[in-house]
Amino acid sequence: MNSQFVLHLIKWRILKVKFLTKKSKRLFGIAVLTNLPVPMGIHLNSSASIRLSLVMTSFRLSKSFFANGCFPRGCNSSFIALILKIQDAKFVKDFRPISLIGSTYKIISKILANRLCLVLPDLISDVQSAFVANRQILDGPFILNELMSWCKHTKFKGMIFKVDFEKAFDSVKWDYLDETLKSFGFGLKWRNWISGCLNNAKGSVLVNGNPTKEFQFFKGLKQGDPLSPFLFILIMETLHLSFKRIINAGLYRGISINGSLMLSHLFYADDVVFVSEWKDSNIHILLNVLKCFFLASGLKINHF
């Protein structure tokens, strides 16, 4: 049997490994050392006895989550704070929301993220350069810069279409995410864990340091959640696969370099760059693909 295939099977089996006591306690030890905040407002370095009590309570809650797939009341709540995108911000769009999540949820999310990282390189194509091991987010811009230099040198008439999705993390539809996980081969147990992290999530906005009334989330991924970036690139991979079918059907043509390399699109996080020959048909096809992707996933082009 091929060694790569065996390694692939081992990675996928690790996804569904039972919540192990030794590994979990090690993660909780890290939580103690890094002084993660806790919902009660007590800091983990307050005293040895309180610290041990909080760690063991969080451990039991986490073990319960992996067994039942749901959080007790209050463990999946977060505070939403706004950070500046630009100096002298005046409008809501000038701020970026970030979720301040509790230690119990963050530890569970980190465990899931660590397991998910093992299989992502097998699922995510080379056009994505963010949040995948042994890839750099700057790979995409570097390739694009070389492509522009080549076009200038050869006087090639090409098109570069950069897309930024509006409130990308906040707009992801949960039903589309679940179908994406199912399509990539994630089992019912894993999908239930992800649903448990999303479906009963609640939040309140910090206004001058004071939280508003708590409200329920119905879509989106929390910025500040260790799991969110990896779930997001799985969503983006579906756009790549859809666009790849368009290319294979001959409806869109990228830029062929010396007849040996074809470039059509590059993804880095929530930024997407499409490249092609300068044709009106390419633009129309591209806009139709993005519109269909918006209707399915909730990710909409950001209009400036």
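For the structure itself, consult the block above.
Residues numbered from 1 in each chain as written. Predicted model: local features only at pLDDT ≥ 70, side-chain atom pairs only at ≥ 80, totals over all residues. Heavy atoms only, no water.

(A) Representation of the nonpolar core within the structure. Judged by nonpolar contacts, the single largest core of 58 residues is most densely connected at Leu-112, Leu-116, Phe-165, Leu-177, Phe-186 and Leu-299. Counting residues in each nonpolar core, the second largest holds 11 residues, with Leu-144, Ile-257, Leu-263 and Leu-266 among its members. (Core = buried A, V, L, I, M, F, W, Y, C linked by side-chain atoms within 4.5 Å. Buried < 20%, exposed > 50% of the residue type's maximum accessible area, 1.4 Å probe, protein only.)

(B) Main features of the layout of surface pockets. Here the largest pocket is characterised by a volume of approximately 610 Å³. Partitioned by chemical class, the residues of the lining of the largest pocket number 10 nonpolar, 3 polar and 9 charged. The calculated volume of the second largest pocket comes to roughly 360 Å³. Around the second largest pocket, the lining comprises 20 residues; the ones closest to its centre are Ile-80, Pro-97, Ser-99, Asp-170 and Phe-217. Among the elements of the structure, strand 1 (77–84) and strand 2 (95–101) are those that each provide at least two residues to the lining of the second largest pocket. Counting residues per element, the lining of the second largest pocket draws most heavily on strand 2, at 4 residues. (1 Å grid on protein atoms, 1.4 Å probe; cavity = no way out; pocket = protein on both sides within 12 Å on 5 of 7 lines; lining within 4 Å. Points joined across faces, edges and corners; volume = space filled by probe spheres on them. Nonpolar A, V, L, I, M, F, W, Y, C, P; charged D, E, K, R; others polar. Helix = DSSP H or I, 4+ residues; strand = E, 2+ residues; numbered from the N terminus.)

(C) Highlighting the packing of aromatic side chains. Inspection of every chain in the model, using the stated rule, returns 13 aromatic pairs. Members of the aromatic cluster, joined through ring pairs, are Phe-65, Phe-66, Phe-71, Tyr-105, Phe-186, Trp-190 and Trp-193. (Phe/Tyr/Trp six-rings, centres within 6.5 Å; stacked < 30°, edge-to-face > 60°.)

(D) Representation of the environment of Thr-104. Locating Thr-104 in the fold gives a position in helix 4 (residues 103–123). Separated by 44 residues in sequence, Thr-104 and Arg-60 place their C-alpha atoms 9.8 Å apart.

(E) Expanded view of the sheet that holds strand 11 (residues 300–301). In spatial order, the strands read 9-10-3-11; together these 4 strands make up an open sheet with antiparallel pairing. Each edge of the open sheet is held by one strand with a lone partner, namely strand 9 (265–268) and strand 11. Lying on the sheet, helix 5 (residues 139–154) is in contact with strand 3 (158–166), strand 9 and strand 10 (271–277); it crosses strand 9 at an angle near 150°. Docked against the sheet, helix 10 (residues 280–297) engages strand 3, strand 10 and strand 11, running at close to 15° with respect to strand 3. (Pairing = 2+ DSSP bridges. Contact = heavy atoms within 4.5 Å. Axes fitted to C-alpha atoms, helices over the stretch in contact; angles between N-to-C directions.)

(F) A look at helix 7 (residues 174–183). The set of residues buried in helix 7 consists of Trp-174, Tyr-176, Leu-177, Thr-180 and Leu-181. End-on, the buried residues of helix 7 take up no more than an arc of 155°, which puts them together on one face. Along helix 7, exposed side chains directed more than 90 degrees from the buried face belong to Asp-175 and Ser-183. If you follow the buried residues of helix 7, they end up packed against helix 8 (188–199), helix 9 (228–248) and helix 10. The positive-phi residue at the C-terminal boundary of helix 7 is Gly-185, with phi of around 95°. (Arc of directions from axis to C-beta.)

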